[in-house]
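# Remarks on the overall topology
Chain residues, written in single-letter form:
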Amino acid sequence: MNELMYVIQGAIFAVFLHNLVFSGGLGASEMFRAAQRNSEILLTSGLISGFSAVSALINRALTTWLSSQNYTIGWLSWRYAPFSTQLPGLQYVWHALIFALILLVLYLLVNLIVHFLPTSKHKLLFHKRVGAAVLNTLVISVPLLLFPRGAATFGFTLGMGLGAGVAFFVVTLLVNSGMHVLRQNKAIPSQFSGVPATLIYTGLLALAFTGFAGGLSLF
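Now for a look at the structure at hand.

Calculation criteria
Residues numbered from 1 in each chain as written. Predicted model: local features only at pLDDT ≥ 70, side-chain atom pairs only at ≥ 80, totals over all residues. Heavy atoms only, no water. Helix = DSSP H or I, 4+ residues; strand = E, 2+ residues; numbered from the N terminus. Contact = heavy atoms within 4.5 Å. Core = buried A, V, L, I, M, F, W, Y, C linked by side-chain atoms within 4.5 Å. Buried < 20%, exposed > 50% of the residue type's maximum accessible area, 1.4 Å probe, protein only. Salt bridge = Lys/Arg side-chain N within 4 Å of Asp/Glu carboxyl O.

### Some remarks on the environment of Ala 35
If you trace the backbone, Ala 35 turns up in helix H2 (residues 28-35). The spacing of Ala 35 and Gly 178 is 143 residues in sequence and 9.7 Å in space, taken between C-alpha atoms. Leaving out residues up to four positions away in the same chain, Ala 35 has contacts with Thr 172, Val 175, Asn 176 and Met 179.

The structure is reproduced here in structure tokens:
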């Protein structure tokens with residue numbers, strides 16, 4: 001039950017308290033692209049949730065294991081301490097490199113699985129969306145945002161990973177519906193129609209969601 005509560009907390013944190021798309025602009029370019037294609041919103045959001053959650057959990061487990069090991073190379077002895085205050089910049093770089101390798105392995109595995117699926121239009125769409133999801137800044141940032149939270153539990157890590165996709169889904173739906181309304185509004189001057197109006201509308205939404213965070217910075 002405690003872990004379930006942590007999952008809910010992590011999801012709420014990612015969606016409302018610090019909406020990862022609105023507060024940090026993570027995955028914003030992919031969000032605008034998906035908002036113009038209704039058929040891809042759910043698939044892209046699901047892939048982002050899956051990649052974020054799995055990669056964050058693997059990254060957490062591996063980082064915890066590395067932190068418990070001591071390494072000796074000749075006269076040099078050191079310990080991987082990602083959450084310590086010693087050399088925080090260097091530790092952050094090591095953490096980012098480890099996560100990049102994890103993400104690369106996941107990407108290759110998923111593509112390998114998709115390759116052996118029967119050929120269909122859904123397979124081609126899925127294959128196309130996998131690349132956009134795994135290379136999305138939203139997916140890449142989740143473990144790095146969890147990096148300072150050395151005490152982040154399994155449930156919170158899972159919740160934040162899943163919440164990243166939910167945040168993307170919620171924001172994309174809001175922008176998608178807003179774009180339809182803006183297109184039908186004849187009162188908008190021609191100079192502001194299209195992209196300018198959409199950006200202003202998205203900015204107002206971002207301000208509303210930022211109110212949940214109490215004005216705190218995401219990073």
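Having seen the model, we can carry on.
### Quick notes on the nonpolar core
In terms of nonpolar packing, the biggest core is built from 37 residues, with Leu 20, Phe 51, Leu 138, Val 142, Leu 146 and Met 160 touching the most fellow members. Secondary structure elements with two or more residues in this core: helix H1 (2-17), H2, helix H3 (38-67), helix H4 (88-115), helix H5 (121-134), helix H6 (137-146), helix H7 (154-184) and helix H8 (195-210). With seven residues, H7 is the single largest residue contributor to this core. When sequence neighbours within four positions are dropped, the list of residues in contact with Leu 138 reads Leu 20, Val 21, Leu 26, Gly 27, Ile 48, Ala 164 and Phe 168.

### Some words on the pattern of salt bridges
This model, assessed by the stated rule, comprises one salt bridge. A salt bridge links Glu 30 to Arg 33, with the nearest nitrogen and oxygen atoms 3.1 Å apart. Placement of both Glu 30 and Arg 33 in helix H2 is noted, with a separation of three residues, approximately one turn of the helix. Given the relative accessible area of 11%, Glu 30 is considered buried.

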